[in-house]
Amino acid sequence: MSIEQIRKQARILVIDDHVFPAEKTFTRDGYHVERWPYVKNLSQLTDGHYQLILLDVQGVGMTESPTKQGLGILEHIKKTNPAQAVILYSSDTYSVSSSRLIILADAFLDKSSSYVEYKDEVDQLLLTQATPGYFISRMNQQLGASATQVPKAVKYATAAFRSGDTARLDRYLRSNLPEAAQVETAIRVVSVGISIIALFYK
């Protein structure tokens, strides 16, 4: 699909306690952008409701993660649904100790970056999500070393995208992996992927 086709369907969320300078320009160019000044619904950040999240580091997530703020929200998102695309941005510099969280983001921009810099990152991530391969690779990353125990996971995940049903993949993973939480995260990645691709191609 072209970015023009994807743009018509994609939902983008900005979480920023201040006005996001590029919001009006994105809207002008046909993107569907919503802004939250604070986290209104934590579940919607991980269930595929938004195809892309633009997340400020400072001043957001104060209730959910008062110490880490936006970085704590990012950590939760990626732990719950590793396939959720997140662009992190900030006007501050960060210490090396913060880098382990920053690198979880799909992109990291200075808050003062130009509109075209934001747009380039947004378009690339939206295009990437329009294929099952993105979600299958994220599933494999989440499985990590356990992937060797489930060599047919890619086959079953691919079949799940064709059928829209993750039941066979679920049974296969549960019969070969001991950790239920790991299986549930892998299934969530594929399920969200099926929903997003169905949205793009409806």
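Residues numbered from 1 in each chain as written. Predicted model: local features only at pLDDT ≥ 70, side-chain atom pairs only at ≥ 80, totals over all residues. Heavy atoms only, no water.

Now for the packing of aromatic side chains. Within this structure, the stated rule accounts for nine aromatic pairs. Between Phe20 and Tyr89, the ring centres sit 5.3 Å apart and the planes meet at 35°, which makes this aromatic pair tilted. In this pair, Phe20 sits in the loop between β1 (11-15) and α2 (23-28) while Tyr89 sits in strand β4 (residues 85-90), placing the two residues 69 residues apart along the sequence. Both residues of the pair, Phe20 and Tyr89, belong to the buried class. Just above the ring of Tyr156 sits the side chain of Lys155; from NZ or CZ to the centre is 5.8 Å. (Phe/Tyr/Trp six-rings, centres within 6.5 Å; stacked < 30°, edge-to-face > 60°. Helix = DSSP H or I, 4+ residues; strand = E, 2+ residues; numbered from the N terminus. Buried < 20%, exposed > 50% of the residue type's maximum accessible area, 1.4 Å probe, protein only. Lys NZ or Arg CZ within 6 Å of the ring centre and 35° of its normal.)

In terms of nonpolar packing, the biggest core is built from 49 residues, with Phe26, Leu54, Val122, Leu126, Met139 and Leu173 touching the most fellow members. Not counting the four nearest positions on each side in its chain, Leu54 is found in contact with Ile12, Leu13, Val14, Ile15, Phe20, Ile87, Tyr89, Tyr118 and Val122. Core analysis: the second largest hydrophobic core is formed by 19 residues, Ile53, Val57, Val60 and Val86 among them. (Core = buried A, V, L, I, M, F, W, Y, C linked by side-chain atoms within 4.5 Å. Contact = heavy atoms within 4.5 Å.)

To continue, consider the side chain of Thr46. Following the sequence through the fold, Thr46 ends up in the loop between β2 (32-36) and β3 (52-56). With relative accessibility at 8%, the residue Thr46 sits in the buried group.

We now examine the packing of helix α6 (residues 132-143) against helix α7 (residues 153-163). α7 packs onto α6 with a crossing angle of 145° between their chain directions and a minimal axis gap of 10 Å. Of the two possible hands of crossing, α6 and α7 adopt the one that is right-handed. In contact with Pro132, Phe135, Ile136, Met139, Asn140 and Leu143 of α6, α7 contributes Ala153, Val154, Ala157, Thr158 and Phe161. In terms of residue class, the contact of α6 with α7 is made up of nine nonpolar, two polar and no charged. (Axes fitted to C-alpha atoms, helices over the stretch in contact; angles between N-to-C directions. Left-handed = near helix turned anticlockwise from the far one by under 90°. Nonpolar A, V, L, I, M, F, W, Y, C, P; charged D, E, K, R; others polar.)

Let's shift gears to helix α8 (residues 167-176). Regarding α8, the residues found buried are Leu169, Asp170, Tyr172 and Leu173. Take α8 and look down its axis: the buried residues cluster within an arc of 165°, on one side only. Set apart from the buried face of α8 by more than 90 degrees, the exposed residues are Arg168, Arg171 and Ser175. Check the buried side of α8 and you find it contacts α6, α7 and α9 (180-200). (Arc of directions from axis to C-beta.)

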